[in-house]
Each structure stands twice: as structure tokens, then as C-alpha cells.
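Observations on the model geometry
Each chain is listed here by its residues.
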Amino acid sequence: MFKTYIQQQAGLSATETDQVYGLALQRNISRKGVLLQEGDVCRHKVFIAKGLLRTYRAKSDGSEHIIQFSPENSWTVEPESYDKSIPSAYTIDALEPCDVLLWTKKDFVSLQEDIPKLKSFSQHVISNNIYINRQRVFSTISSSAEEKYDEFIRQHPNLFARVPLHMVASYLGVSRETLSRIRNAQVSR
């Protein structure tokens, strides 16, 4: 599955694809299994072949604030920890059983040096994530709860059924009660 994905998305040859795949570490993560624990250093770029991960940060009162959902055929990393080799302020865990591929920073940098198309693709993924995060920040500071919900449904139509309501509320920055009210109002329409 990954080989088809990377060939189509990055335009890699079969040889280049085998080279990238050959340096990947395969890992299965059980539901609720932790890929990166807050306080640990993020040492891998991660491709999700199957399942669903979430990235979140916990406050001292125990509340969780979800930053990102990462479904199959997507990438995740905790960028500050990965780039600076510092302890992560975030946790990445599995909402479903997951099959992931991981590359160490050293291996991924080496692959990008050897395969220019992979470097270009990686830069595209990073740029796209920056764009998505900027849009999300803008939405957070400028949109109503209803608008945030509608945008989530448009952007992630397949996630809503896979993610518990309280986690969607956390991602949107609204209370569970507010999200329930919005959903009930839309059903009534």
C-alpha cells in the first residue's frame, strides 16, 4: 500500500520506492497504544498505512487538546521535537489499531539527499501542513462553533464516525455540550 502511495504521490521509480521502503521500520500499534509520549524526543517521521492516530497536548488539569488527527495514507511527526531533538510537549497515540512505517531522521535525510523527488514531495507535505494549520488557526479565532463544525465535516467527512464526540469537541475547541447542540440543531433542519 505504501509503495503505491509514494509512487503515485511523489513520482518515485520502483527502485527509489524500494530504497525508501527498505529503510522503514514497520510497527503495529494497538488501540490506545502510544507512539510518542510527552517528554520523549520524537525520533521518527511516521506514515500511517492503516488506522488513525491523534496528536494532543494535556494540560495540568488533565484536559486534552487535540492538535491533529492522522488517518491512513497520511504522515505525522512532532516537528519541534524532531527538528531540535528536544522533549515533546505532545503525545501521539492510536485511536484504532494502526500499522505505521517509521524513518529515523538520519535515514530520512539520507533518502532525501539520494532521491530529489522525495525531498520535493516532503517539502510539499510540509508546506501543505503549514497551510492547513494556518487555516485552522484562522478558523479557531474567527469562526463560530457552528462554522468550525461544518468545516470539520467538509474537510474530514470520514473521520466523524471514527472519532468519539468529546475528541471532535477538543479538536474544535468547543465543549461537548456545544457540539451536541450543534449536531442536534442540524439534524432538526
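A few points on the structure. What you see is a predicted model, and the numbers here were worked out from it, not measured in a lab. (Residues numbered from 1 in each chain as written. Predicted model: local features only at pLDDT ≥ 70, side-chain atom pairs only at ≥ 80, totals over all residues. Heavy atoms only, no water.)

A complete count under the given rule lists 17 aromatic pairs for this structure. With a centroid separation of 5.2 Å and an interplanar angle of 40 degrees, the aromatic rings of phenylalanine 69 and tyrosine 171 are classed as tilted. One end of the pair, phenylalanine 69, is in strand β5 (residues 64-71); the other, tyrosine 171, is in helix α7 (residues 165-172), with 102 residues separating them in the sequence. Neither phenylalanine 69 nor tyrosine 171 differs from the other in exposure class; each is buried. Residues tryptophan 75 and tryptophan 103 carry aromatic rings whose centres are separated by 5.4 Å and whose planes lie at 35 degrees to one another, so their mutual orientation is tilted. Within this pair, whereas tryptophan 75 is found in strand β6 (residues 74-76), its partner tryptophan 103 is found in strand β8 (residues 98-104), the two being separated by 28 residues in sequence. Note that arginine 54 overlies the ring of tyrosine 56, its terminal NZ or CZ placed 3.9 Å from the centroid. Directly above the ring of tyrosine 90 sits arginine 57, whose terminal nitrogen or CZ lies 5.5 Å from the centroid. (Phe/Tyr/Trp six-rings, centres within 6.5 Å; stacked < 30°, edge-to-face > 60°. Helix = DSSP H or I, 4+ residues; strand = E, 2+ residues; numbered from the N terminus. Buried < 20%, exposed > 50% of the residue type's maximum accessible area, 1.4 Å probe, protein only. Lys NZ or Arg CZ within 6 Å of the ring centre and 35° of its normal.)

With respect to the helices, strands and loops of the structure, threonine 17 is situated in helix α2 (residues 14-22). For threonine 17, a relative accessible area of 1% translates into the label buried. In this structure threonine 17 touches Lys3, Ile6, Gln7 and Leu12, once residues within four positions along its chain are discounted. (Contact = heavy atoms within 4.5 Å.)

With that settled, the discussion passes to the sheet that holds β8. On the basis of which strands lie adjacent, the open sheet formed by four strands has the order β1-β8-β3-β6 and antiparallel pairing. Each end of this open sheet is capped by a strand with a single partner; those strands are β1 (25-29) and β6. Adjacent strand axes in the sheet meet at a mean angle of 30 degrees, parallel and antiparallel pairs treated alike. As paired strands, strand β3 (residues 44-50) and β8 are joined by six bridges and run antiparallel to one another. The residue bridging isoleucine 48 from the neighbouring strand is valine 100, located in β8. Together, β3, β6 and β8 form the strand contacts of helix α4 (residues 105-114), whose direction differs from that of β8 by roughly 75 degrees. (Pairing = 2+ DSSP bridges. Axes fitted to C-alpha atoms, helices over the stretch in contact; angles between N-to-C directions.)

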